[in-house]
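Residue strings, one per chain:
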Amino acid sequence: MEKEYTLQDIKAAAISMAAKAGEIQMEHFRSKSLQMETKSTVYDVVTQVDKACENMLVKAISKKFPDHSIIGEETGKHLHDESRWAWVIDPLDGTNNYSQGLPIFCVSIGVTYEGEPVVGVVYTPYLDELFTAVKGEGAYIQMGLCMDELLPPERLHVSTKTDLKQSVVASGFPYDKATHPINNVREASLVIPQVRGFRRMGAAAYDLCSVALGTIDVYWEYDLKPWDACAASLIVKEAGGVIKPLRDDRNISIVAGNETIVENLMGIIKNA
C-alpha cells in the first residue's frame, strides 16, 4: 500500500536534495578538469556533474520515497506502475552555462500527484536563490541555503506590466535549431524590436522563476521537456502568472507571464 506524505514533507525533502546537488555543482564549477560529452546534437552537452547530481537525487528519492516514480533528464524513467507520485528532475539546468563558467544554472525538482504538479523547488547555487511552491499555497524566494541559514521567505508575484515596449522578455532556442525549421529565430526577430530588452539566459527553469519573481516580464520558448518546466511552471502559477501553450508539435512550447502580456506576446509570435 502506498504511503501517504504531506506536501510540506515532500517540499522539505526536495529542498534538502537541491542543497546537496548545489554543493556538487559548486565543488566543480569552473574546474579545468570538467568532463563534457554531447547528446542529441553538438549544442546539447552533459557533464559528469549532471550525472553525479542526478545519481544522487535518484538515490535520495528512492530511499526516502521508495514507492514514488522518478523522471530524470539523464537517467530516464524509474517507474512504479501503481504510484500516484512522480518526481520530475533536472539535475543541472543550464549545462552550457555551467560548462562555460557562467553563473546561471540550477537544479530543478518538481513533484506531481496523479499527473498534476503539486511541489516545485528550483535552486541556483551560485546565486543562492531558492524558489519554492506548493499547490494552492503561493510561491516564495529565499536566500541563504548554501549557508544553511535560510532567510525569511518572500512571496513572489509576476510582473504587472502589460505594454511590451516597457517590458524585458526572455526566450531560448532549441538544441536542433540548425536543422529544424521551427527554431524560434523568426519569432525572436519579430519580438526584439518591440520590447525594452531581450534576455537569453540559458536555463529554462531559471527563466520561469524570473517570471515568477517579476524580474522578467514575459518568457516564451519551444521544445522544452518535462524536467525543464515541471517545477518552475508551478512556481509561476502560484505567483499569479499563467502558462499558455504556443503549439503542440514541439514538445512543451509555452508563454509565461501575466494574462495580458502573455496574450500580447502571443499575438506577435503567431505572426511568425
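Here the structure is shown first, and the text comes after it.
I will try to describe carefully the structure that is included in this document. Every chain is numbered on its own, with residues counted from 1 as its sequence reads. The predicted origin of the model limits local features to residues at a pLDDT of at least 70 and limits the giving and counting of side-chain atom pairs to 80 or more, whereas totals for whole chains, interfaces and linings rest on all residues. Only hydrogens and water are set aside when side-chain values are computed; all heavy atoms of the structure are taken into account.

### What about the packing of aromatic side chains?
So, point 1. For this analysis, a ring pair means two rings from Phe, Tyr or Trp (six-membered ring only for Trp) whose centres lie within 6.5 Å, classed as stacked if their planes differ by under 30 degrees, edge-to-face if by over 60, and tilted for the remaining angles. On inspection of all chains with the given rule, the structure shows nine aromatic pairs.
So, point 2. Here the aromatic rings of Y98 and F105 are separated by 4.9 Å at their centres, their planes lie at 85°, and the arrangement is edge-to-face.
So, point 3. For every residue, the accessible area obtained with a 1.4 Å probe (protein chains only) is divided by the maximum for its type, and the residue is called buried under 20%, exposed over 50%, and partly exposed between those limits. Here Y98 falls in the buried class, since its relative accessible area comes to 1%.
So, point 4. Following the ring pairs from residue to residue traces out a cluster consisting of F29, Y98, F105 and Y126.

### Digging into the sheet that holds strand 7 (residues 116–124)
So, point 1. At least two bridges found by DSSP between two strands are what make those strands a pair. Secondary structure elements are defined from DSSP: runs of H or I of at least 4 residues count as helices, runs of E of at least 2 residues count as strands, and each element is numbered from the N terminus. The eight strands are arranged 4-3-5-6-7-8-9-10 in an open sheet whose pairing can be described as mixed. Looking at strand neighbours, the two that pair on one side only are strand 4 (76–78) and strand 10 (154–155), the edges of this open sheet.
So, point 2. Both strand 3 (residues 69–72) and strand 4 contribute to a ladder of three bridges, which runs antiparallel. When the bridges of strand 4 are listed, I71 appears paired with K77.
So, point 3. What makes two residues a contact is simply this: any of their non-hydrogen atoms within 4.5 Å. Between N-to-C directions, angles cover 0 to 180 degrees, with each direction set by a line fitted to C-alpha atoms, over the stretch in contact for helices. On top of the sheet, helix 1 (residues 7–28) reaches strand 5 (85–93), strand 6 (106–113), strand 7 and strand 8 (129–134); it is set at about 30° to strand 7, its chief contact.

### Considering the nonpolar core
So, point 1. If you look at the biggest cluster of nonpolar residues, it comprises 36 residues, and the most contacted ones within it are I10, M17, W87 and I109.
So, point 2. Elements represented by at least two residues in this core include exactly helix 1, helix 2 (48–64), strand 5, strand 6, strand 7 and strand 8.
So, point 3. Ranked by the residues each element gives to this core, the list is headed by helix 1, at nine residues.
So, point 4. The contact partners of M17, leaving out residues within four places of it in the chain, are M56, L57, A60, I61, F65, W87 and I109.
So, point 5. Residues belong to a common nonpolar core when they are buried Ala, Val, Leu, Ile, Met, Phe, Trp, Tyr or Cys residues joined through side-chain atoms within 4.5 Å. Of all hydrophobic cores here, the second largest spans 31 residues; its members include C106, A231, A232 and I235.

### Quick look at a negative patch on the surface
So, point 1. A cluster of acidic residues, E23, E27, D148 and E149, forms a negative patch on the protein surface.
So, point 2. Along the chain, D148 turns up in the loop between strand 9 (139–143) and strand 10. Here the term patch refers to residues with relative accessible area over 30% and no salt bridge, with like charges joined within 9 Å and nonpolar side chains (Val, Leu, Ile, Met, Phe, Trp, Tyr) within 5 Å. Computed with a 1.4 Å probe, the accessible areas rest on the Shrake-Rupley method; for each residue, only the protein chains presented here act as cover. By definition here, a salt bridge exists when the distance from a side-chain nitrogen of Lys or Arg to a carboxyl oxygen of Asp or Glu is within 4 Å. Note on charges: Lys and Arg go in the positive column, Asp and Glu in the negative column, and His and the chain ends are not counted at all. One atom stands in for each charge, and that atom is NZ of Lys, CZ of Arg, CG of Asp or CD of Glu.

### Re the environment of F29
So, point 1. Mapped onto the fold, F29 is located in the loop between helix 1 and strand 1 (36–38).
So, point 2. Taking the C-alpha atoms as reference, F29 lies 7.9 Å from S99; in sequence the two are 70 residues apart.
So, point 3. With residues near it in sequence (within four places) discarded, F29 still touches Y98, G101, L102, P103, F105 and Y126.

### What to know about the packing of helix 5 (residues 204–213) against helix 6 (residues 226–238)
How two helices pack is summed up by the angle between their axes together with the distance between the axes.
So, point 1. Between helix 5 and helix 6, the least distance of the axes is 8 Å, while the angle of their chain directions is 0°. When the interaxial angle is binned, helix 5 and helix 6 end up roughly parallel. Along its contact with helix 5, which presents A204, A205, L208, C209, V211 and A212, the element helix 6 presents D228, A229, A232, S233, I235 and V236.
So, point 2. Looking at the contact of helix 5 with helix 6 residue by residue, the classes come out as ten nonpolar, one polar and one charged. Note on terminology: angles under 35 degrees are roughly parallel, angles over 145 are roughly antiparallel, angles of 65 to 115 are roughly perpendicular, and the others are oblique. Residues were grouped as follows: Ala, Val, Leu, Ile, Met, Phe, Trp, Tyr, Cys and Pro as nonpolar; Asp, Glu, Lys and Arg as charged; and all remaining residues, including Gly, as polar.

### Description of the environment of T95
So, point 1. Position of T95 among the secondary structure elements: in helix 3 (residues 95–100).
So, point 2. Here T95 falls in the buried class, since its relative accessible area comes to 7%.
So, point 3. Note: C-alpha distance between T95 and N55 (40 residues apart in sequence) is 16 Å.

### Describing the sheet that holds strand 14 (residues 242–247)
So, point 1. Read across the sheet, five strands follow the order 12-11-13-15-14 without closing on themselves; strand pairing throughout is mixed. The sheet terminates laterally at strand 12 (197–199) and strand 14, the two strands that pair on one side only. Sheet twist, expressed as the mean angle between neighbouring strand axes with direction ignored, is 20°.
So, point 2. Relative to strand 15 (residues 252–257), strand 14 runs antiparallel, the two sharing five bridges. Its bridge partner being in strand 15, K244 is matched across the sheet by V255.
So, point 3. Sheet contacts for helix 6: strand 13 (218–224), strand 14 and strand 15; angle to strand 14, the most-contacted strand, approximately 140°.
So, point 4. On the sheet, helix 7 (residues 259–269) packs against strand 13, strand 14 and strand 15 and is oriented at approximately 15° with respect to strand 14.

As far as function goes, none of this settles anything; it's purely spatial.
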